[in-house]
Structures are given as C-alpha cells and as structure tokens.
Amino acid sequence: MRRSLLLAIAAGISLFSAEARAQSRTRLTVYTALENEQLAPYKAAAERAVPGIEIAWVRDSTGVITARLLAERANPRADMVWGLSVFSLLSLESQDMLEPYTPQGASALRPNMRSAREPMTWTGMDAYVAAICFNRVVAQQRGLPRPSSWADLLNPAFRGQVVMPNPASSGTGFLTMAGWIGSMGEAPAWTYMTGLHENIQLYTHSGSAPCNNAARGEYAAGISFDMRSVTLRNQGAPIDIIIPTDGVGFDLEATAIMRGTRNLEAARRLADWTVSREANEAYGRFFALLAHPDASASVPNYPADFAQRLVSQDFAGLSARREELLREWTRRFDGKSAPR
Amino acid sequence: MDAPLRRQIRPALSYLRLSAIGKRHGAFQALRGVELSVAEGEFLCLLGPSGCGKTTLLRAIAGLDPPSEGRIEQAGRDITALPPAARDFGIVFQSYALFPNLTAAANITYGLRGGAWPRARRQARLEELLALVGLAEHAGKYPAQLSGGQQQRVAIARALAASPGLLLLDEPLAALDAVVRHRLRAEIRALQQRLRITTIMVTHDQEEALAVADRIAVMNQGRIEQLGSPEELYLRPATGFVAGFIGRASQFRAMVEAPGLLRLGGLSLRAAMDLPAGAAARGFIRPEDVLPDPQGMPARIRAIAFEGPVCRLQLALPELVLEAEWPPAAVAGLAPGAEIRIALPRVLAFADG
Amino acid sequence: MAEPVRPVLPADQKIMLAGLAVALVFLAAALVLPLGFLLVRAFQDAQGGFVGLANVAQYLSTPSLAASVVNSLWTAALVTLVVVPLAFTYAYALTRSCIPLRLLFRAVMLLPVLAPSLLPALSLVYLFGNQGFLRGALMGAPLQGPVGIVLAQCVACFPHAAMILAVALSAADARLFEAAASLRAGRWRILATVTLPGARGGLASAAVVVFTLVVTDFGIPKVIGGNFPVLATEVYKQVVGQQNFNMGAVVGLILLLPALAAYGFDRWANAAQESVFSGRAVPYTPRPRTGRDLPLFVFCCAIAGLLLAVVGMAVWGSFIQFWPWNLALTLDNYDFGRFDPAGWSSLGNSLVFAALTAGLGTGVIFLVAWLLERGPRLPALSGPLRFLAAVPLAVPGLVLGLAYILFFNAPWNPLGVMYGTLGILVLNSLVHFYTVCHLTAVTAIRQLDPEFESVSASLGVPVWVTFWRVTLPICLPAILEIAAYLFMSAMTTVSAVIFLYGPDTKPASVAVVHMDETGQVSAAAAMAVVLLGLNLAVKLAQLGLGAALGRGMQRWRRR
C-alpha cells in the first residue's frame, strides 16, 4: 500500500516535471502556425541537417500563438518561432521580444522578405497570398460566373454567396484588407469593401473558415489564403483556387529567435538552417514564392505570373496602422453585421 | 422574584444548573437571563410557543449552539464553553436524524467506538438497548423500513447507548400522528422512570408536557415565565401567559375595582390577585371552577357537549361567555336556552398587557 | 451582565476551519490572483501604464458593443427559457416516473457534453446548412447566425440543466406526496405545491448555469454564429484577432456582470431551500401510472432521438470521404497520423489529463462543498468561498487561459514549475468547471438532515467519521456524477487549454480544433468521435457503478 503510494507520487512528479524528460539532444521549443502537414517534414529535415537538436512543436492558429507569445512575454517559453505571420513578428519586434541575430546566409534572401535591421530580427520563409476559394458545383447550381479578379465579386449575382474573415478576428482577414489598400489605394479600397459588403453573407472569426465553408458548398466564394485551398482541393473539394489578377495582398511566413531563450546556441544553428536553400526547397513543396531566390518551388497549380500579382506591401507601415484600420473597418461593417 | 421561581432551587439535588444564560443572534435576543436547575433523575419539560427560545436553550445545554453569556454546570462541572463531544448527554432530534444508510443496529452503536468499546462489549450493549426499546427483531432494518414510532425508538436507543447522564429530547413526538403520539409519550415516560435518567424535553404541546414531566419550565420570549410541577402551573400560574397557555380557561378583560375585586360591566368578581385598584386586569376562569349554585348569578346555557366522564357547557352571561365542565348527572334535564345559576369560586387575574 | 462565553472549538471543528482557510487560499491562488492579473489590464495601456477607465470608455464607444450585449442577453434568455422546462420534464421523467429505458435516457441526455462542441455544430451544418439534408427546414433563415447559436446552445446546454435537475429531483420525501394525496390534491396541484418548490433551488441553479454558459461560451458563436456579434466573440476578436489584452480584459470584466447578477439570483432562490431528505424522510419511489408515464416516455424518446440524431449525424460524418461531394464510407479519417503530427498520442494525453482532473477535482470540490455546508459557521470564510465557487462559471475559458499564462508564467511565481506541464491543464480545468460540480455537491449535501453532525457531536464521534460513514455513501451517486462530469469536460475542453498546453501535452480536443481549421473536417469529426466513445465508456461505467451501488450499498433507499 505505502509502496504503491510512493510509486504513484513518483509518477506524479515525473509527470509534472518537464526536467525529467531531459535528453542528450538540445530540445528546442518552437512555436508555429504552420499547417499540420508541414510540421513532420520540416522537423525531419531540420533534425537531419542540424545535429544535436530536437524540435518540440507548439502549433496553433496565428492569433492564438501570437497571443500566447505576448502573454508569455515576462518569461518566454518558446526558444524560436518558425512559421508565423510577419505581422505577428513585427508586433513582437515592436515589444523588443525578438533576439537580434543574422543567420548565416540570410543576406542571400530576397530583400523584401527579411528584416531590415542589422542584425536581423526575423527572416522570411515564403509568401502566402489572399485567394478566392470558388466552389464550381455551387456556382453551377446558382449560375454564377467564375470570378478572376476582386472586382468580379461585386457582381450582384454573388449576393449572399461571399464569405470573408473578419479582419478584426483573423490575420488572414487583415492581410486581405491590407492587400486591397496596397493595390487600390486607401480610399478606393474602402469604396470597394463597402460594395463587397452588400454581397457578403458572413464575416467569419477564423481565417480558414471561409474556404472550409466554400469547400462544403455552404457558399460559392470564400476569401481565404492559398495554402488552405490546396489542401482542401487535394481532399476532393470541387473548388478552384483563384488568385485575383488585380493585385493580391500577401503575408510572409517567417522565423525568429525569441529573446530570453535558454538555448541560444542551438536556436542560432536552427535559424541558420531555416534560411538555407535546402530548407526553402522544403517550403517550396507547399508555397510558390520562396524567400531564397535560388530555391525552386515544386508546388503545383500556381499561375506562372504569380509573383507579378503580388502588391508591394509595406509590412512595417501596415503593422503600425493596424489598430487604426481595424477600428475604421469595425465602425463601417461590424456594428451592423446582423445577418441578412 | 416571583414566589414560584424561588421555590425551584434545591441545591443538594441539582444535577444541571443554568445561571444567567443569554443568547444573541445579531440584534435578536433569543434567550435572556435564564436560570434553571434540574435535579438528578428529574424529567423536565421546556414548554412554550414556537420562537420562545426553548430549542435554543436545549441546544445551548447540548453545546451545539453555545450561549453568548451565562454559566452551565452539569454534575458540578462547568461545561459552558465545552464542545458537545466533551459533555455528557444524548440527544433525540425532532427529525431523529437517523443515518439512512445504516441499519438500526449500526445507528444505535454509532457512538460506541474506540478502545472503550471492544466488539463484544458493543454487541452486548446493543442487545441490551434493543431489548430496552423493544426492537430486537428490527435490528437489521434501515430507517426507511421502520415505522415512525420505531424510528423514534432507534433514535432514543442511539442517544442512550453510551449511558449519558442527561437525555435531551427536541420535540420528539411532533412528527407523529395523535394515536402514536399518545402511546409513545407514555413509553418515553416509562423508560425515563426505569432508567432514572435526567431528561429535558422540548415541546410546544402543553398536554404532552403535563402528562410526562416532573416539572415544566414555561418559556416566553426568551425567558422562563414559570417553573414548577404540572399541578403548580395549573393551579397557581404565576403570570397571565402561563394561565392562558396551560390548561383551558375562559379569558376576559376587567378593571380592578378594589384589592381582590374585579369589575366587569355590571359584574363584580372576587379574584386572587395582587393588583392595585384601577389597574387593567386579565381574568381567567377554569371550566371546573364554574359551579352550579342556586344562590349564584344567572347564566344562560348556549350549548352542551357530552364528553363521556364530563359534559362541557357553554354559558352566556351578559358580560362574558364561560366554559364549564360538569358531571353528566349535574346536567341531567338541562337543555340549551335554559337559565341556571352559577358560582365562580376561583378567578385568577393578572395585570393586562 | 455575565461574562461572554468563549466556546472551546473541538479538534474536528478546528480542522474543518483550517480546511476552509486552505480552500480559500487555493481558490485565491488558482482563480482570484490569475484573474486579477488579467483584469487589472483593463485599466492599463499596452505598455502597462495606468490609464484608469480610458479603455472602458473607448470600448463602450465601439459600435458593435450595444448590439453584442443585447444579442448575448436575448439569446441566453431564449435558450434558458427553452432548455430549462425541457430539461425539467426530462429529469422528472428520469426520477419520478416508471418509464422504461431510464438508464439509456440518462446516458443519451449527456451526449452533447460527451463530445467536443464541434460535433453538434457540424451536425447542424450537415442538417440545416445550404447543402444540408433538411435545408428547407429553417424556411430560408440562414443557419449561421442567431438561429445556429440558439439551436447549438440548446443542444449544448441541455445536459447541464438536466444533470442539475436530475440531482435536485432525485431526492424526494414520499411522505410529502402521501400527505398531499391524502388532502386530495390533484396531480397538477402536487406538481405545483410539492414538486416544483422542492426543486426550486435546482431550477434556479439550472437556469443560472444555462444563462451563464450561453453568455460566456465563444466556441459555438465562433463556429456557427456567423457575424452575429455577441460578447464572448468580442473577447475572441480582441485577444486572438488583435492581441489586445487590455481590451480583452475590459470585455472580460463586462462579461462578469451578467454572471454576478445570476449569482445573486441563485443565492436568493436557494436561501430558503430546506433539506428534504431528513433521516426520517421516506424516499419516494414512483409507481407505474400510464397516464403519466406514457406521455413522458414519448417526450423522452423525442428528446433522446433528437440528441442521437445530432450526434449520429456527426458520427456518420467521421466515416465519409468528403462531405457533401463524396459520401463513400472510409476508415481513413481515423488514421490520425496523416492529419496531425501527434496522431493518436494526443488521446493518451487527454486520458491522463482527464483522469487527473476528475480524481483531484472531485475530491477537492466535494470536500470544499461539505466544509461550506457542514463546517463551523464563520461568514468571514464561507462568504468569500461561496462567492468564489460561483465565479468560474462566469469566466470565459479564453479569459481564464490567458490569465493563467500571465500569472503562472510570471518569473517570480514559484508555481511556475507547473507551467507547460499537465499540472497546469489539470488545475485550470478544475477551476474552469468548478461551479457546476460545486452546485451538484451542494445540492446533494443539502438533502441530508442538517442534524447529522449534531448527532455525531453528541455521540462524541468526530465529524470526519460521519463524513466517511454517512455523508460520502449517501452522496456517492452525486460524487460519481461530478467525477464523470469533470472527466468528460476535461476530455472536450478547448477554450482555456489552447493557451496552456506544452509541446508534450497537447490534448485531443485541441487536435480536433486544429484538424477542423485545416479543413480536415472528417478527421476532426473522427477524433471527436473517439473522444465521444471514451467519454461514453466512462459515463456508462459511472451509471453502471451507480446502479450496482443502488443494489448494494443503497438498499436503504428502498422501503
């Protein structure tokens, strides 16, 4: 009786103590918003290329991971962030939460896809863009034309058939709005959104929901980001991924070392690898536009002129104005969001 | 202090002594200046209307809700501040509080634990108690399988199990129907007589108190109004409250005309009282103190009810209505509406208000 | 005037008093301090400077606020009005009638809490969505919006209300019914004068719980609420959408208000509630009566059928290729390794986490409830404790999760060793689900004769002996109920733990959310179904154990 009690206590202690799992390899806690299917290949490739490290992922949606990082600020738990929106990293940077370090070889990255600081605070991996998930079956049922540009979504035929993420709840929503502002200019962008509002059935709270909804045939068009759409189409959803021709906003997935990490040396070695051409080619299995100019993307189904459709995006400027833009958006569209 | 209150103190025999007991619940004074002394082996009833403080007093004696002030001595020991477990009593609650998941036997032996109660001794005591309350064949039953009377006997056996010096009963008969109640109160009295255990019972039923108690403490508004034997309370109530609460009586309001004389409209009545002339008084006349008397005052019969050994009459005088109890023989030939003459040899009167 | 009496406190009372103090310290550390840490941010700017009421003022000027307050209140009121009478009738049928299949109905009623909230939401889409099987049934009203919220909340809240009411109705004094019947009271009169007043406390608690759950839940509005703004999604918008903790704290504060009102209501309604289960009480055993049993049976079949349909729909969804385009059946969705790097291992985490939560939580919660109900009366301790026990219900999981990070991850906090371990998940869930369990425990304990402890004291028996020999056995059904509830809640919870799990402690419920976000709906449904199956097994074990106890230990309930 007493013996089994002791055993139970011992088991309890080991359960509650992360220290008990100490291993010979350096364990790096990496926070990420990467997709589930990217985690295993990235981890395998990195652990193969960087000896002596082990990656322990904490994965969640961009908003949740960013909120966690900010809440943990007083005592950071993450050693690194690998695969998080650059908007989030800029917000961490502004609070001085990123460890300045220029990974070896980072200067080879496209200049607009890495930190401008010296030493760098973050390095880009790839770009993902706002896209339209368009359900062919629903379109046929309702006789909707296939849109090829943002402007096409203003067609009254789409009334009640468009879903987009609420920019105040979702990073994807903000990225989409930022793209419109970048390509159209600010005033025309608000005019456009006012027109689009007439056709929008729902502003969802999560960035992936619009595409998921379109894939299930709830609505014809979901504004989301490209990566999401690819996964769904591979599962057999009758959706087309439309990257509008009139300019799309994009966001970067990026990497950074957290200030206060207890494994700085190992984190630096991993950061070195994340900017390598080998790593970029791993990203290239999922994304078309990579930070490393020499790496080639192997992901199918992207238009050839993909890179030209991206608007020039001033990440730092948008990040600074984020609160102001969201307040304006909320004032215009959120208060009267009673369903039609 | 009133004469009857002074008579109570019999120091040599006093087993439980309460002095200057007060209990406050916030602004509400539940008990005030209670003095009480209970002799060893005595059966005392705390009697009063609901809210008079009788249960509060019992719980103070038990230590369940200690008094705010005063002193309680049991068998010469000051127990005022002691927790219940350090006192020496058994208690039966109105609800009995039997443990529903334990058998009658397990309920009874619940307190018989520890080194002092080895298995054999406990078993012997259980059998003794079961025999005492006559439940031997029900020992294995659960409370829900027992009748109300049987449940009460289990509760009493449980309270008596460790042979306490004091038995406290909190309205033990209140939840039973009339027939069972009559039988059980006799049983309780018989049991108490057999064990000679000092017993304090709380009740609001004066008939019950008169039937079982050696002495009764009548309580009202947190005080003891009068303490005495049933006969004393009945025959010589100390206050109007006691006179009205104990036994039957016709009540009326009157003025004191002169010492010993009440004036009620056109009627003058001799009364035993201590009130000055001009005072307002409340008068009480027991039914057995209304006597037929050819020389008496006239009264009209309103109703006659035959109740076996007695007949109950309602008599109307111009100033008041009286109740009388006469043997059937005295009523023979009378009918409602008839005029008779009566005497009122004993009228009790107390200050009104 | 005599000397005031200073009663000597016996050892057992002293220990109980110490227990109350420990409970207060525990709830302070696990609830008040973390929440305080977060809520104080409502009065700070992003840099931590004090700004007074500026955030509140700014938030109050937000256009969507008025709408979200009104929306939250009316949807919560509507759901309460629908759910409480239905749950009462259902619980009444389970406890006060002789309908067949009661054990089955008891299990089915809990289905919605057995599964992550994704399952009912998914079913509603499959049934009433634009491609749904019954898409005409809503007569053109869009599912995503208030309709979806009310439907899904009704399903989600039904088990909570039914559970509280079943406990409240399970103890009844047969003598009251016999007395009423002997006074020739009609059946409806008995219902109105005996049954309903007897369950008044339970009814109030059920209403409060449902109302508060609807106001604070953000999972359902997030998934199926469309852009219908409610208070809980405002928190989500501020915290997850914009990482604005200060505004999130402001909304969190506002969310506490309706819940505080509900707490006051509950206290008021329960104040006069007396114990109905004295030692002398005769347990009520219903006798068959067709006029009552048949309609109740039909009613239970309808409700159970509805719940089964909702859950069954999602179970079916876990076996299909891709809804609604490819309905071929497959087992591939259960090969979790394909969708989530953690694969099946997150289920192992969930099992350990849920078992620890149930084990520790049941002990702590029941003990504290008992100390409060039967311990020494010291309002300075019991008042705050009662209040704190009611607060967790009003705290959205999101707010609690964030509060836990801020408090437990503070560098100076020695409790920080728990951070990132299962321990913090357990503590967080214990606190998160505290209130409903506390109410269940209190309801069960109040049904015991209040003099049990007095009798023990008079017999010189320490109070814990009576706790062990009498209170625990009588309350065992309620205790099992609490344990099962905690287990099931921990298995399905998302909102708080999503901020707290570490690299090795990701629970399956979080994996479900991740798979759903990735669009792998069928896989998400599949893992939700596995959770449902495990919970169902636990629930059936609890019911079976309860039934066995009913035959053995609880013979005394029978006349």
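What counts, and where the lines are drawn
- Counting restarts for each chain: residues are numbered from 1 in the order of the written sequence.
- Here every chain gets a letter starting at A, and every ligand a number starting at 1, in the order they are written.
- Local features in this predicted model are restricted to residues of pLDDT 70 or higher, and side-chain atom pairs are both shown and tallied only at a pLDDT of 80 or more, whereas totals for entire chains, interfaces and linings draw on every residue.
- Side-chain measures were taken over the full set of non-hydrogen atoms in the model, leaving aside hydrogen atoms and water.
- Pairing between strands is defined by DSSP: at least two bridges between the two strands are required.
- For helices the rule is a DSSP run of H or I covering at least 4 residues; for strands it is a run of E covering at least 2, with both sets numbered from the N terminus onward.
- Axis lines are fitted to C-alpha atoms, over the contacting stretch for helices. Their N-to-C directions set the angle, which ranges from 0 to 180 degrees.
- Only heavy atoms enter the contact rule, under which two residues are in contact if any of them lie within 4.5 Å.
- The start and end points of each domain follow an automatic or database-based domain assignment.
- When two parts are brought into contact, each loses some accessible area as probed by a 1.4 Å sphere; the total of that loss over both is the buried area.
- We define a salt bridge as a contact between a side-chain nitrogen of Lys or Arg and a carboxyl oxygen of Asp or Glu at a distance within 4 Å.
- In the analysis that follows, any N or O atom pair within 3.5 Å is treated as a polar contact, provided that within protein one partner can donate a hydrogen and the other can accept it, and provided that, for residues neighboring in sequence, both atoms belong to side chains.
- Only buried Ala, Val, Leu, Ile, Met, Phe, Trp, Tyr and Cys residues count toward a nonpolar core, and they belong to the same one when joined by side-chain atoms within 4.5 Å.
- Burial status follows relative accessibility: with a 1.4 Å probe on protein chains alone, a residue under 20% of its type maximum counts as buried, one over 50% as exposed, and anything between as partly exposed.
- The rule for a disulfide is simple: a pair of cysteine sulfur atoms within 2.5 Å.

**Student:** Any details on the sheet that holds strand 3 (residues 43–47) of chain B? Residues and values, ideally.
**Tutor:** Residues and elements named next belong to chain B. Spatially, six strands are ordered 6-7-8-3-9-10 in an open sheet, and the strand pairing comes out mixed. Bordering the open sheet on either side are strand 6 (90–92) and strand 10 (223–228), each of which pairs with just one other strand. Adjacent strand axes in the sheet meet at a mean angle of 15° when their direction is disregarded. Relative to strand 9 (residues 215–220), strand 3 runs parallel, the two sharing four bridges. Across the sheet, residue Leu47 finds its bridge partner in strand 9, namely Val218. Sitting on the sheet, helix 2 (residues 54–62) touches strand 3, strand 6, strand 7 (166–170), strand 8 (198–203) and strand 9, and the angle it makes with strand 7 is about 150°.

**Student:** Got a sec to walk through the domain arrangement of chain C? Specific residues and values, please.
**Tutor:** Residues and elements named next belong to chain C. Split into domains, chain C comes out as domain 1 (49–276) and domain 2 (335–559). Summing both partners gives a buried area of about 3800 Å² for domain 1 against domain 2, and 78% of it is carried by carbon and sulfur. On the surface where domain 1 and domain 2 come into contact, there are zero salt bridges. Taken together, domain 1 and domain 2 are joined by two residue pairs in polar contact (both at pLDDT 80 or more). Residue assignment for the side of domain 1 that touches domain 2 shows that the elements contributing at least two residues are helix 4 (102–109), helix 5 (111–114), helix 6 (118–128), helix 7 (146–170), helix 8 (174–182), helix 10 (200–216), helix 12 (231–241) and helix 13 (245–271). Take the side of domain 1 that touches domain 2: its biggest share by element is ten residues, from helix 13.

**Student:** Give a detailed account of the nonpolar core, specifying residues and quantitative values.
**Tutor:** Ranked by size, the top nonpolar core spans 296 residues in total, and within it Leu153(A), Leu36(B), Leu57(B), Ile200(B) and Phe499(C) carry the most contacts. A per-element tally of this core places helix 21 (residues 463–492) of chain C first, with 16 residues. Ignoring sequence-local partners within four residues, the contact set of Leu153(A) consists of Ile132(A), Pro147(A), Phe158(A), Val162(A), Tyr192(A), Leu196(A), Asn199(A), Ala221(A) and Ile223(A). Membership of the second largest hydrophobic core comes to 46 residues, among which are Leu135(B), Leu184(B), Val218(B) and Ile246(B).

**Student:** Hey, could you go over the state of the cysteines for me, with residue numbers and the actual values?
**Tutor:** Scanning the entire structure with this criterion turns up one disulfide over all chains. Put simply, Cys133(A) and Cys211(A) are joined by a disulfide, and their sulfur atoms are 1.9 Å apart. Measuring the twist about the S-S bond at about -95°, one finds the Cys133(A)-Cys211(A) disulfide to be left-handed. On the criterion of sequence distance, the pair formed by Cys133(A) in strand 4 (residues 123–135) and Cys211(A) in helix 8 (residues 209–215) is long-range, its members being 78 residues apart. On the accessibility criterion, Cys211(A) (0% relative accessible area) is buried. Cys300(C) supplies the cysteine sulfur nearest to Cys301(C), a cysteine that is in no disulfide, at a spacing of 7.2 Å. Cys301(C) sits in the partly exposed class, given a relative accessible area of 34%. You can see Cys437(C) has no disulfide; the closest cysteine sulfur is in Cys475(C), sitting 14 Å from it.

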